[in-house]
Amino acid sequence: MIPKELRYLQTHEWAKRGKDSGIITVGLTDYAIEQLGDIVFLELPGVGEKVTKESEFCTVESVKAASDLYAPVSGEIVEVNESLTENLELFKAEPYGQAWIVKIKAEDIAEFESLMNAEDYEKQLKG
Amino acid sequence: MPFISNTLEQQDQMLAEIGLTKQDLFADIPAGLLCKDFKLPPGLSEQRVRDSLAELAEKNSTHLTCFLGGGFYDHFTPAAVNSIVSRSEFYTAYTPYQPELSQGTLQAIYEYQSAVCRLTEMEVANASLYDGGTALYEAMMMAHRITGRNKIIIDDSVNPIYRMMIHSHTRNLRLEFEESQCKDGLADRGQILERIDDKTSAVILQNPNFFGCIDDFSDIATAAHDKGALLIVSCYPISLGILKTPGAMGADIATGEGQSLGLPLSFGGPYLGLMAARKQYVRKMPGRIVGETTDASGQRAYVLTLQAREQHIRRDKATSNICSNEALCALTALVYLSLLGKEGLKETSQLCADKASYAYRRLTAIPGVQPHFRGRWFFNEFVLDLPCEAVDVIAKLIERGFAAGVPLSRYYSRMENSILISVTEKRTKHEIEMLAEALESVL
């Protein structure tokens, strides 16, 4: 399942732009979630922290490994999904909905526009 | 695991196969650092080796009556401890690489962790670290990871050896240390509370402190927590039989040197680093952790848990470079504590305090000998001021068969005449009397 309206990173994060806003919601694609196996822990960044495009901002731990998540854009974390840390099964149930991880206020919206679209991401998965 | 050696010919064959020479194997090491000659003496027969080692061993003063402390103590170890831990099922010094295969080892570590939690009144403990000093360093780094802050307040009454270890570990890190000076033997609230701010990662204290004085850091814990900082307390496990525990004081991380729990005094160890913390911080804790679970058939089983913190999974972002533990030393501590039991530990602890108190009264009755900190509560160690330099007195007492104490001039300026004396349950009234007489005669 690769929603058409979202943008993607090679490292399997999805990014969604709020309507006419610079706020980018970030999550993990269901492909990544399946690869990770059971997710047992999510370590969120703090609100107000600065992130840089393609640098790590958060860690998920599964029974197999600890993996870093990479930011789709540079900016500031404006919201984190605290309730997700208590309900990790949402990753599997609603990867593109309730399992959003953070919201980032983008410094430069062009960075979002330059992300992969659904078609390219699908190609990456198949390739 | 079989060790497969290969001959020089086989090595040459293998190198020839991949087109390299022996020199190529070391090509990455700069020429100046390559060791060409190890300056080893020629080989000796087994008998000659034994003789020369025996000769060396004779240089150790093992006959002295020991009043030395400063973090490492001469406690009595029941013979049963060694007899249990030297069973061949246990006698391996290393973490098994296929851990779940060794259920016995894991169960022992799990029980050790439980014992450390009960001793410190903390919620989670790890499978042990190298020694009290590295445990304190790891605790400090753990606080840094939890808070994301760089400032550390450390009191100068924390064991100077531990402080030295912390500084050498952190030399190339961007951490900011502020050292508070203890006042009349106790942590100076004025200095410490004033320094705690929203950049402070942790306050590091020790109880009993290096001078043997005992304190209750509850107020400092509250002040630290108010600013989002943590309190780390280094403790002396035997003292916890009667003293207020780090957990009861509100400490976030407790560490300690476990040598006093049945391990012999030896130069360079192996010693035992205790570490326990509040449960909410377990994912930031270094070292191995054993957990209890049930196996496929529903039976109790033990596993290494939360391994995503560790370097074989987390790689460079692991909580620590520690990927091992002092399994055999931890087992020794567990066996020691189990044999003593709750009451036995209390009794040992009380004996240490009582005998130290007696020694203090006896020694301060000697003309010219003064307590350094007046009216302070202490556990089993205290500082005395002598009428002359402590190092000279100590040297004279060694000739009379006593390791009388630690000269504090070694670590503190303006304490040339001060000596740190420790008394454990092993010291008899007679030995204390003999020390007093010897001290009187050399002054």
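Residues numbered from 1 in each chain as written. Chains lettered and ligands numbered in written order. Predicted model: local features only at pLDDT ≥ 70, side-chain atom pairs only at ≥ 80, totals over all residues.

1. Quick notes on the overall build of chain A
Going by this rule: Helical segments are the DSSP runs of H or I of at least four residues, strand segments are the runs of E of at least two, and each set is numbered from the N terminus. In this description the radius of gyration comes from C-alpha coordinates, and the expected globular size is given by 2.2 Å times residues to the power 0.38. Exposure classification rests on a simple neighbour count of other C-beta atoms within 10 Å of a residue's own: a residue reaching 20 or more is buried, one at 12 or fewer is exposed, and one in between is partly exposed. C-beta atoms are placed from the backbone. Residue pairs qualify as contacts under a 7 Å threshold applied to their C-beta atoms, which are placed from the backbone.
For chain A, the count of helices and strands is 5 helices and 9 strands. The secondary structure elements of chain A, listed N-terminal to C-terminal, are β-β-β-α-β-β-β-β-β-α-α-β-α-α. In terms of overall dimensions, chain A is globule-like: its C-alpha atoms have a radius of gyration of 13 Å, near the 14 Å expected for 127 residues. For the C-alpha atoms alone, the extent of chain A along its principal axes is close to 35 × 35 × 25 Å. Relative to its 127 residues, chain A shows a buried fraction of 35%. A sequence separation of at least 24 residues applies to 64% of the contacts in chain A between residues at least 6 apart.

2. As for the overall build of chain B
Per the secondary structure count, chain B includes 14 helices and 15 strands. Since a compact globule built from 443 residues should have a radius of gyration of about 22 Å, the 24 Å found for chain B is in line with a globular shape. Taking all 443 residues of chain B together, the buried fraction comes to 42%. Sequence separation of 24 or more characterises 74% of the internal contacts of chain B that already satisfy a separation of 6 or more.

3. Here's the deal with the nonpolar core
Let me state the cut-off plainly: We define the nonpolar core as any set of buried residues of the types Ala, Val, Leu, Ile, Met, Phe, Trp, Tyr and Cys, connected via C-beta atoms lying within 7 Å of each other.
Core analysis: the biggest nonpolar cluster contains 114 residues, and Met140, Ala202, Val203, Ile204, Leu231, Ile232 and Ala330 of chain B have the highest contact counts within it. The biggest single contributor to this core is helix 12 (residues 327-364) of chain B, with 18 residues. Every residue in contact with Met140 of chain B, bar those within four places of it in the chain, is listed here: Ile152, Ile166, Ala202, Ile204 and Ile232 of chain B. By size, the runner-up hydrophobic cluster in this structure holds 30 residues, among which are Ile24, Ala32, Ile39 and Leu84 of chain A.

4. Regarding helix 3 (residues 46-58) of chain B
We count it as follows: For a helix, the expected span equals 1.5 Å multiplied by the residue count minus one.
In a regular helix each residue adds 1.5 Å, so 13 residues correspond to 18 Å; helix 3 of chain B covers 18 Å between its end C-alpha atoms and thus fits that length. Across the 13 residues that make up helix 3 of chain B, only a small minority, 0, are buried.

5. Here we look at the sheet that holds strand 15 (residues 418-422) of chain B
Residues and elements named next belong to chain B. Convention followed: A pair of strands counts as paired when DSSP detects no fewer than two bridges linking them. Angular values range over 0 to 180 degrees, each being the angle between N-to-C directions of two axes fitted as lines to C-alpha atoms, with helices fitted over their stretch in contact.
With antiparallel pairing, 4 strands are arranged side by side in an open sheet as 11-12-15-14. Every interior strand has two partners, whereas the edge strands, strand 11 (370-371) and strand 14 (406-407), have only one. Both strand 11 and strand 12 (residues 381-385) contribute to a ladder of 2 bridges, which runs antiparallel. When the sheet's bridge partners are listed, Gln370 is paired in strand 12 with Asp385. Strands in contact with helix 12 are strand 11, strand 12 and strand 15; relative to strand 12, the strand with the most contacts, it is inclined by about 10°.

6. Some thoughts on the domain arrangement of chain B
Residues and elements named next belong to chain B. Just so we agree on the cut-off: Each domain span listed reflects an automatic or database assignment of domains.
Examined at the domain level, chain B breaks down into domain 1 (65-75 + 341-442) and domain 2 (79-335). With centres defined by C-alpha atoms, the gap from domain 1 to domain 2 works out at 28 Å. Across the boundary between the two partners, domain 1 contributes 24 residues, which contact 21 residues of domain 2. Those elements giving two or more residues to the side of domain 1 that touches domain 2 turn out to be helix 12 and strand 12. The element that contributes the greatest number of residues to the side of domain 1 that touches domain 2 is helix 12, accounting for 7 residues.

7. Details of the packing of helix 12 of chain B against helix 14 (residues 429-442) of chain B
Relative placement of two packed helices is described by the angle separating their axes and the distance separating the axes. Residue and element names in this part refer to chain B. Note the following rule: Orientation labels follow simple angle bins: below 35 degrees gives roughly parallel, above 145 gives roughly antiparallel, 65 to 115 gives roughly perpendicular, and whatever is left gives oblique. When the near helix sits turned anticlockwise from the far one by under a right angle, the crossing is termed left-handed; a clockwise turn instead gives a right-handed crossing. Note on residue categories: nonpolar means Ala, Val, Leu, Ile, Met, Phe, Trp, Tyr, Cys or Pro, charged means Asp, Glu, Lys or Arg, and polar means any other residue, Gly included.
Contact geometry for helix 12 and helix 14: axes closest at 10 Å, N-to-C directions at 25°. Accordingly, the angle class assigned to the pair helix 12 and helix 14 is roughly parallel. Taken as a pair, helix 12 and helix 14 cross one another with a handedness that is right-handed. Along the contact surface, helix 12 presents Tyr358, Ala359, Arg362 and Leu363, while helix 14 presents Ile432, Ala436 and Leu439. In the contact of helix 12 with helix 14, the residues fall into 6 nonpolar, no polar and 1 charged.

8. Remarks on the sheet that holds strand 4 (residues 39-43) of chain A
Residue and element names in this part refer to chain A. An order of 4-6-7 is seen for the 3 strands of this open sheet, with the pairing classed as antiparallel. Of all the strands in the sheet, the pair left with one neighbour each is strand 4 and strand 7 (66-70). Going from strand to strand, the sheet's axes swing by 25° on average, the running direction of each strand aside. Pairing of strand 6 (residues 56-62) with strand 7, which is carried by 5 bridges, proceeds in the antiparallel orientation. Note that in strand 7 the partner of Thr59 across the bridge is Asp68.

9. With respect to the interface of chain A and chain B
Counting residues at the interface gives 4 residues for chain A, matched by 4 residues for chain B. In terms of residue class, the side of chain A that touches chain B is built from 3 nonpolar, no polar and 1 charged.

10. Describing helix 6 (residues 132-147) of chain B
For helix 6 of chain B, which comprises 16 residues, the first-to-last C-alpha distance of 23 Å matches the rise-based estimate of 22 Å (1.5 Å per residue) to within 8%. At the exit of helix 6 of chain B stands Gly148 of chain B, carrying a positive phi of roughly 70°.

11. Description of unusual backbone geometry
All names here are of chain B. Between Asn207 and the following residue, Pro208, the backbone shows a cis peptide bond with an omega angle of -15°. Along the polypeptide, Pro208 turns up in the loop between strand 5 (200-207) and helix 9 (218-226). Cis geometry is adopted by the peptide bond preceding Pro270, which originates at Gly269 and carries an omega value of 10°. Along the chain, the position of Pro270 falls in the loop between strand 7 (253-257) and strand 8 (273-277).

12. Some points on the environment of Leu265 of chain B
All names here are of chain B. Within the secondary structure layout, Leu265 lies in the loop between strand 7 and strand 8. Remark: the alpha-carbon pair of Leu265 and Phe379, spanning 114 residues in sequence, is separated by 20 Å. The contacts of Leu265, once residues within four sequence positions are left out, are Phe72 and Asp74.

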